[in-house]
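# Architecture and fold: a report
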There are 2 protein chains.
Amino acid sequence: MHHRYLEELRQRGYRITPQREIIIQAVADSTAHLTAEDVLKLIRPRSEAINIATIYRTLEMLVEEGLVIRSDLGQGQAVYAPQQHGPHIHLVCRHCGEVIAADHTMADSLQEQIRARYHFEADFTHITIFGLCAQCQSQEK
Amino acid sequence: MHHRYLEELRQRGYRITPQREIIIQAVADSTAHLTAEDVLKLIRPRSEAINIATIYRTLEMLVEEGLVIRSDLGQGQAVYAPQQHGPHIHLVCRHCGEVIAADHTMADSLQEQIRARYHFEADFTHITIFGLCAQCQSQEK
DNA sequence: CTTAGTGCAAAGGATTTGCAAGCCC
DNA sequence: GGGCTTGCAAATCCTTTGCACTAAG
């Protein structure tokens, strides 16, 4: 009921409103990637009245505070996931839309090469890679 | 004047209209990633009248035919580039917006690991990786 | 009390679509 | 001339924003 994010945010000067409590509970405890619409549906049973604009504003605030990650999975909607899930690679099947959360340490070598050759600090937190999942590979003509 | 894409498309049953000729010339010869708006501006000198909807439809057709790649560089607009440029990794600086075209063979090992562990056929053609470029790393507090 | 946060509705930007007219083959 | 293409405008979709009202601290 009292998520640690709430204390964290209060200390950073944010006001803890009932809306924020509900939204944060829904997002922080989710193991999936949620769209703003998903959050709305999730919290509907608990609160009829929270507006979609408030959800966007709260999610944006959480992203700015580094508590939540926003990714674009190519489906035209942004998705949000708690940072605490730890970084991972999103393998998105462009055929069936399935999202596989893959071990991000596989990218360590690539990250190092990019650093060495381009002096570019690549962010492999919640990166998205498109392709075909095992099932859809066999189905493709 | 007569781009090879035109013959290619005619053979596949598409009609070659003046609009398509102009759009294809602009995109096929571009070394940059173009948005639909960019294409509109590029061709304006040559043709005042081409509608943005036609540009979107033509680009979409080229993507479906595999002649052009569409990527999302996170700027809210899709960008298009000829497939013939060869695959490369987009390193997008999330601070200044710069896009570095990096050697995609750096990702070969990652691709192989993903295949082995997840049976997922990752598409590293024109993939996008966000991060910080050399200049912006020093500027960040 | 002070002012951040909310709800509502309207605005926004990119892309898509319906439809009648146009033109490629 | 058949039907793929175009132009135009309207429609969509997701997200943001202006503003008056509410409520957290």
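Before reading further, recall that the structure is shown in the block above.
Everything numeric in this text was worked out from a predicted model, so none of it was measured. (Residues numbered from 1 in each chain as written. Chains lettered and ligands numbered in written order. Predicted model: local features only at pLDDT ≥ 70, side-chain atom pairs only at ≥ 80, totals over all residues. Heavy atoms only, no water.)

## As for the pattern of salt bridges
Under the defined criterion, the tally for this structure stands at 16 salt bridges over all chains. The partner of Asp123 of chain B in a salt bridge is Arg94 of chain A, with the nearest N and O atoms 3.5 Å apart. Pair noted here: Asp123 of chain B is in the loop between strand S5 (121-122) and strand S6 (128-132) and Arg94 of chain A is in the loop between strand S3 (88-93) and strand S4 (99-103), and the two residues belong to different chains. Residues joined in a network through salt bridges with shared partners are Glu8, Arg12 and Glu65 of chain A. (Salt bridge = Lys/Arg side-chain N within 4 Å of Asp/Glu carboxyl O. Helix = DSSP H or I, 4+ residues; strand = E, 2+ residues; numbered from the N terminus.)

## Some remarks on the sheet that holds strand S4 (residues 99-103) of chain B
Ordered in space as S5(A)-S6(B)-S3(B)-S4(B), the four strands form an open sheet in which the pairing is mixed. Two strands in the sheet have a free side with no partner beyond their single neighbour: strand S5 (121-122) of chain A together with S4 of chain B. Relative to S4 of chain B, strand S3 (residues 88-93) of chain B is paired through five bridges, and the arrangement is antiparallel. For Leu91 of chain B, the partnering residue across the bridge sits in S4 of chain B and is Ile100 of chain B. Sheet contacts for helix H5 (residues 108-118) of chain A: S5 of chain A together with S3, S4 and S6 of chain B; angle to S4 of chain B, the most-contacted strand, approximately 115°. (Pairing = 2+ DSSP bridges. Contact = heavy atoms within 4.5 Å. Axes fitted to C-alpha atoms, helices over the stretch in contact; angles between N-to-C directions.)

## A look at the relation of the copies chain A and chain B
You can overlay chain A on chain B at an RMSD of 0.2 Å; the transform is a turn of 179° with a shift of 0.1 Å along its axis. The transformation just described matches what one would write down for a two-fold rotation axis. Rotation axis and chain A: the residue whose C-alpha lies nearest the axis is Leu110 of chain A, separated from it by 3.5 Å. By residue overlap, the copies meet face to face through one surface: 100% of the interface positions of chain A are interface positions in chain B. (Least-squares fit on C-alpha atoms with pLDDT ≥ 70 in both.)

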